[in-house]
Amino acid sequence: MTGKVYLVGAGPGDPELLTLKAIRLLRIADVVLHDALVSDEILRLARPHAQLIAVGKRVGDRRITQRETNRQMIDSAQWANIVVRLKGGDPLVFGRAAEEMAALREAGVEFEIVPGITAAIAAAAQARIPLTDREGAPSVTFITAHKAAGDYPVDFTSIASTNGTLAIYMPGGSYGEISRQLMTAGLPATTPCLMVSNASRENQALQWSDLGSLQSMIPPEAPALLIVGEVARCRDESETVAWLQSQNEVLQAAGQEA
Ligand code: SAH
C-alpha cells in the first residue's frame, strides 16, 4: 500500500498566503520535498519530525535532475502515508508539474493538486494594480522566455498583439532582450512595465519603468517577475489619473445640472 503525494502550492513567500489545505497537509506530512523558492518560514510549519528534502533545481553546488526528484517522490510514497511536494507559487504554473504527474501516474501513485497563489497574482496585489482592466487590458498572459522552461520558442508577435497584460516569469538577465523583442513585435517604447522582486517577502522591491528604458536597468534580485502593459502605469500616476477623471465627471455632472 503506497502513500499519497500532494503537489502543493506554497504561494509567493508570505505564509499567510498559504491555503488552509496546504497548512493542514504540512502539519501531517511524513515527507516534504520542497523547491528552493519555498521560504523557511513556510517550512517551519511542517511537523517537527517530518523529513524535509530540498529538491530544487540546485541544492548547494549539486544540480538535481527532474528524474531524481520524481524518483524521490515515488520512493517516499512507498513508506510514507503523506508526501507533500511543495512548490513555489502554484504547482501548475511553470512548475514542471506535467513531468511529475506523468511519473506518479506511471508508478501508480495516487496524487492530488493543491493550488497556490502564483507569482503574477501576488506581484499585482503587492503593487496594487489590476491584471485585467475593463478599459485597457482585456487579457493577461503568463509567459516565460527562459530556456529552462522548455524548447518551445516564444512568439512575441502574437503575444504583443493581444493588447493585454503580460506577466513574464523568470526574466533572469534578459530584460534587454525581452524589451527589444516586444518593441520589434510592435509594442511602443512607452509601454509601462513593473518589476516585482520577492513579492510578499520582507525584501520585496518594486521598480516602475517602461519598455524603452528596461534595457538600461539593473536587473532586480531573483525571484522577480516582469509585468508589461497599461495596468503597470505607475501607481501614483494612475491614481492621479483616476482622481482627475472622477473630478472631471463631478464637474461634468455639475455642469449638466446647472
Ligand atoms: N510556480 C511558480 C513559478 C515558478 S518559476 C509560481 O506559480 O509562481 C519561478 C519564477 O516565478 C521566478 O523566476 C519568478 O519569475 C517567479 N516568482 C516566484 N516567486 C516570486 C516572488 N515571490 N516574487 C516575484 N517573482 C516570483
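Because the structure is predicted, anything quoted here is derived from the model rather than measured. (Residues numbered from 1 in each chain as written. Predicted model: local features only at pLDDT ≥ 70, side-chain atom pairs only at ≥ 80, totals over all residues. Heavy atoms only, no water.)

*Asks:* Residue-level account of the overall build of the protein chain, with values.
*Replies:* Within the protein chain, the regular secondary structure consists of 9 helices and 12 strands. Out of the 258 residues in the protein chain, the part that is buried amounts to 43%. For the protein chain, the proportion of contacts with a sequence separation of at least 24, taken over those separated by at least 6, is 69%. Accessible area for the protein chain stands at about 14000 Å²; split by element, carbon and sulfur atoms hold 52% of it. (Helix = DSSP H or I, 4+ residues; strand = E, 2+ residues; numbered from the N terminus. Buried < 20%, exposed > 50% of the residue type's maximum accessible area, 1.4 Å probe, protein only. Contact = heavy atoms within 4.5 Å. Areas by Shrake-Rupley, 256 points an atom, 1.4 Å probe, with all protein chains shown as cover.)

*Asks:* Can you break down the pattern of salt bridges residue by residue, with the values?
*Replies:* Applying the stated criterion across every chain yields a total of 10 salt bridges. K4 serves as the salt-bridge partner of E112, at 2.8 Å between the closest nitrogen and oxygen. Pair noted here: E112 is in strand 7 (residues 110-114) and K4 is in strand 1 (residues 4-9), with a separation of 108 residues, a long-range link. Given the relative accessible area of 23%, E112 is considered partly exposed. A relative accessible area of 17% means that K4 is categorised as buried. D75 serves as the salt-bridge partner of R71, at 2.9 Å between the closest nitrogen and oxygen. Of this pair, R71 and D75 are both found in helix 3 (residues 66-79), 4 residues apart, which corresponds to roughly one turn of the helix. (Salt bridge = Lys/Arg side-chain N within 4 Å of Asp/Glu carboxyl O.)

*Asks:* Outline helix 7 (residues 175-184), supporting the account with residue identities and numerical values.
*Replies:* Note: α-helices contain 3.6 residues per turn, so residues at a spacing of three or four share the same orientation. Residues Y175, G176, I178, S179 and L182 constitute the buried set of helix 7. Projected down its long axis, helix 7 carries its buried residues within an arc of 165°, all on one side. Looking at the buried side of helix 7, the elements it contacts are helix 6 (156-160), strand 9 (165-169), strand 10 (192-197), helix 8 (211-214) and strand 12 (224-228). Downstream of helix 7 by one or two residues, G186 has phi in the positive range, about 115°. (Arc of directions from axis to C-beta.)

*Asks:* So, the sheet that holds strand 3 (residues 51-54): which residues are in play, and what are the values?
*Replies:* Strands sit in the order 3-2-6-1-7 across an open sheet of 5 strands; the sheet is parallel. Where the open sheet ends on each side, the last strands, each with one partner, are strand 3 and strand 7. On average, each strand axis in the sheet is tilted by 20° relative to the strand beside it, whichever way the strands run. Here strand 2 (residues 31-34) runs beside strand 6 (residues 82-87); their pairing, made up of 4 bridges, is parallel. Bridged to V31 within strand 6 is V83. Each of strand 1, strand 2, strand 6 and strand 7 touches helix 1 (residues 20-28); the most contacted strand, strand 6, lies at about 130° to it. The sheet strands contacting helix 4 (residues 97-107) are strand 1, strand 6 and strand 7, and the helix crosses strand 7 at an angle near 155°. (Pairing = 2+ DSSP bridges. Axes fitted to C-alpha atoms, helices over the stretch in contact; angles between N-to-C directions.)

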